[in-house]
Amino acid sequence: MNADDERSVEEGRQVVATEIEALQRLHERLGEGFARAASLILDCTGKLVVCGVGKSGIVARKIAATFASTGTSAVFLHAGEALHGDLGVVFPEDVLILISKSGESDEIVKLLPSIEAIGPKIVAFTGAAESRIGQAADVVLDCGVEREADALNLAPTSSATAALVLGDALAVVVAARKELTPERFALSHPGGALGRRLTVKVEHLMHGGEEQPLCRPEAKMRQVVVEMTSKGMGAVNIVGADGSLVGLITDGDMRRAIQKHDNVLELTAADIMTKGPIAVPLGTMAIDALHLMEDRPSQIMVLPVVDEAGKAVGILRLHDIVKAGL
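Let me begin by describing the structure that accompanies this report.

The rules we used
- Residues numbered from 1 in each chain as written.
- Predicted model: local features only at pLDDT ≥ 70, side-chain atom pairs only at ≥ 80, totals over all residues.
- Heavy atoms only, no water.
- Core = buried A, V, L, I, M, F, W, Y, C linked by side-chain atoms within 4.5 Å.
- Buried < 20%, exposed > 50% of the residue type's maximum accessible area, 1.4 Å probe, protein only.
- Helix = DSSP H or I, 4+ residues; strand = E, 2+ residues; numbered from the N terminus.
- Contact = heavy atoms within 4.5 Å.
- Axes fitted to C-alpha atoms, helices over the stretch in contact; angles between N-to-C directions.
- Parallel < 35°, antiparallel > 145°, perpendicular 65-115°, else oblique.
- Left-handed = near helix turned anticlockwise from the far one by under 90°.
- Nonpolar A, V, L, I, M, F, W, Y, C, P; charged D, E, K, R; others polar.
- Pairing = 2+ DSSP bridges.
- Polar contact = N/O pair within 3.5 Å; in protein donor to acceptor, adjacent residues only side chain to side chain.
- Right-handed = clockwise from strand over helix to strand, strands pointing away.
- Disulfide = S-S within 2.5 Å.
- Salt bridge = Lys/Arg side-chain N within 4 Å of Asp/Glu carboxyl O.

Right, let's talk about the nonpolar core for a bit. Ranked by size, the top nonpolar core spans 29 residues in total, and within it Phe67, Ile99, Phe125, Leu141 and Leu170 carry the most contacts. Those elements giving two or more residues to this core turn out to be α2 (32-43), β1 (48-52), α3 (55-69), β3 (95-99), β4 (121-126), β5 (139-142) and α7 (158-177). Apart from residues no more than four positions distant in its own chain, Phe125 is found in contact with Ile63, Ile97, Leu98, Ile99, Ser100, Leu141, Cys143, Ala163, Leu166, Gly167 and Leu170. Grouped together as the second largest cluster of nonpolar side chains are 19 residues, Leu111, Ile115, Ala124 and Ala137 included.

Okay, structure coming up:
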């Protein structure tokens with residue numbers, strides 16, 4: 001690196017060091033107030049509203065999103081828009097987090113009389129407990145910093161980071177107290193990998209109804225071949241008169257039968273089917289079906305799906321699960 005590059009790296013490290021120091025001070029200050037704030041949110045019968053403006057507004061939006069995704073009903077309120085009607089989202093049973101470094105953000109200060117009239121509990125994230133916003137709060141959490149990370153000590157850098165981390169800490173603690181489960185988390189993240197793993201069931205991916213390949217045990221092999229070919233599943237569920245699953249024939253079974261028998265078309269499905277095949281019931285998570293197919297000496301490419309009475313209702317391919325991104 002040349003001299004300018006080295007200076008850039010050193011200045012970047014100093015920024016990181018300054019913000020780390022701000023977080024260390026925040027860490028040391030956490031105490032009874034933090035516990036009270038967590039209890040207010042846990043005891044809330046309404047929702048959590050997180051309010052800010054400017055960079056604090058951006059932080060507030062992220063904090064609200066973190067709470068919402070970890071099991072707490074939460075919304076973001078822009079302080080400027082709240083002055084023009086959006087304050088209507090706040091109700092007496094809510095908890096309101098107000099974020100302001102100085103505790104004197106003009107837009108929020110103008111809201112205080114109306115907020116007092118509505119009556120929500122207030123938690124202030126500020127570096128000035130004696131400010132007007134601090135004095136209006138039920139709980140004040142000190143997220144003040146010694147200095148910002150920029151050379152002019154003006155840009156909201158360390159202060160924004162401290163407020164953001166304080167919000168993360170509250171959200172995580174509240175989620176833990178609520179005993180948030182992976183399944184509940186997944187409900188808030190249906191588009192993510194975890195959401196798909198914990199919400200997608202075999203019935204969402206299987207081929208049922210007219211797509212399900214079916215034959216009776218007495219069916220001749222010609223009929224089995226036609227059914228397997230027309231449905232394109234690479235297998236056929238073999239069912240009894242009542243629809244219960246009694247066997248499975250895969251294209252591998254067909255190949256082995258051709259190698260073993262000269263008159264394969266004269267055989268019946270019962271002659272070559274796998275009796276009592278591995279199957280999964282409706283309601284099984286697709287990820288569990290995937291493990292069942294893969295975690296064995298010889299990988300299974302298809303799985304019959306049955307209802308609670310043992311009747312075949314569909315067939316699931318390994319390809320279907322992989323395609324779903326699981």
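Here the phi dihedral of Asn153 falls at roughly 60°; this positive angle occurs in a residue that is not glycine. Note that Asn153 resides in the loop between β5 and α7.

Taken N-terminus to C-terminus, the directions of helix α1 (residues 3-29) and α7 make an angle of 45°; their axes are 9 Å apart at the nearest point. In terms of axis orientation, α1 runs oblique to α7. Between α1 and α7 the crossing geometry is right-handed. Contacts between α1 and α7 involve Thr18, Glu19, Ala22, Leu23 and Leu26 from the first element and Ser158, Thr161, Ala162, Val165 and Leu166 from the second. Class assignment of the residues belonging to the contact of α1 with α7 gives a composition of six nonpolar, three polar and one charged.

As a further point, take the sheet that holds strand β11 (residues 280-281). The strand order across the open sheet built from four strands is β6-β13-β12-β11, with neighbouring strands paired in mixed fashion. For this open sheet the edge positions go to β6 (207-208) and β11, each flanked by a neighbour on one side alone. Where helix α14 (residues 286-294) meets the sheet, it contacts β11, β12 (302-306) and β13 (312-317), and its direction lies at approximately 135° from that of β12.

Time to look at the side chain of Ser69. Residue position: Ser69 is located in helix α3. Among the polar contacts listed, one links the side chain of Ser69 to the backbone oxygen of Thr66, at a separation of 3.1 Å.

Looking now at the pairing of β4. β4 sits mainly inside the fold: five of its six residues count as buried. Where β3 and β4 come together, five bridges link them in parallel fashion. Among the inter-strand pairings, Leu98 is bridged to a residue of β4, identified as Ala124. With helix α5 (residues 106-118) bridging β3 and its parallel neighbour β4, the resulting β-α-β unit is right-handed. Sheet topology note: the β4/β5 ladder contains four bridges and is parallel. In the strand pairing of β5, Ala124 is matched with Val140.

Next up on the list: the packing of α3 against α7. What describes two packed helices is the angle between their axes and the distance between those same axes. The geometry of α3 relative to α7 is characterised by a closest axis approach of 9 Å and an angle of 15° between their N-to-C directions. Put simply, α3 runs roughly parallel to α7. Here the hand of the crossing between α3 and α7 comes out right-handed. Contact residues: Val59, Lys62, Ile63, Thr66 and Phe67 in α3; Ala160, Ala163, Leu164, Gly167, Asp168, Leu170, Ala171 and Val174 in α7. Of the residues that constitute the contact of α3 with α7, the class distribution is nine nonpolar, two polar and two charged.

On the basis of which strands lie adjacent, the open sheet formed by five strands has the order β2-β1-β3-β4-β5 and parallel pairing. A single partner strand is all that each edge strand has here, and the edge strands are β2 (74-78) and β5. This sheet shows a mean twist of 20° between the axes of neighbouring strands, independent of strand direction. Across the sheet, α2 touches β1, β3, β4 and β5, and the angle it forms with β5 is around 130°. Set on the sheet, α7 makes contact with β3, β4 and β5; between it and β4 the angle comes to about 140°.

Right, let's get into the environment of Glu93. The topology assignment puts Glu93 in the loop between α4 (79-82) and β3. Along the primary structure Glu93 and Asp43 are separated by 50 residues, whereas in three dimensions their C-alpha atoms are 9.9 Å apart. Setting aside residues no more than four positions away along its own chain, Glu93 makes contact with Cys44, Thr45 and Gly46.

To continue, consider the state of the cysteines. Tallying each qualifying case throughout the model produces zero disulfides. Distance from the sulfur of Cys51, which forms no disulfide, to the nearest cysteine sulfur (Cys143) is 14 Å.

So, on to the pattern of salt bridges. For the structure on display, the rule yields 14 salt bridges. Residue Arg7 pairs with Glu11 through a salt bridge whose shortest N-O separation is 3.4 Å. Within this pair, Arg7 and its partner Glu11 are both found in helix α1, separated by four residues, close to a single helical turn. The class of Arg7 is exposed, set by a relative accessible area of 55%. Overall, the relative accessible area of 44% leaves Glu11 in the partly exposed class. Through salt bridges that share partners, Glu21, Arg25 and Glu146 make up one connected network.

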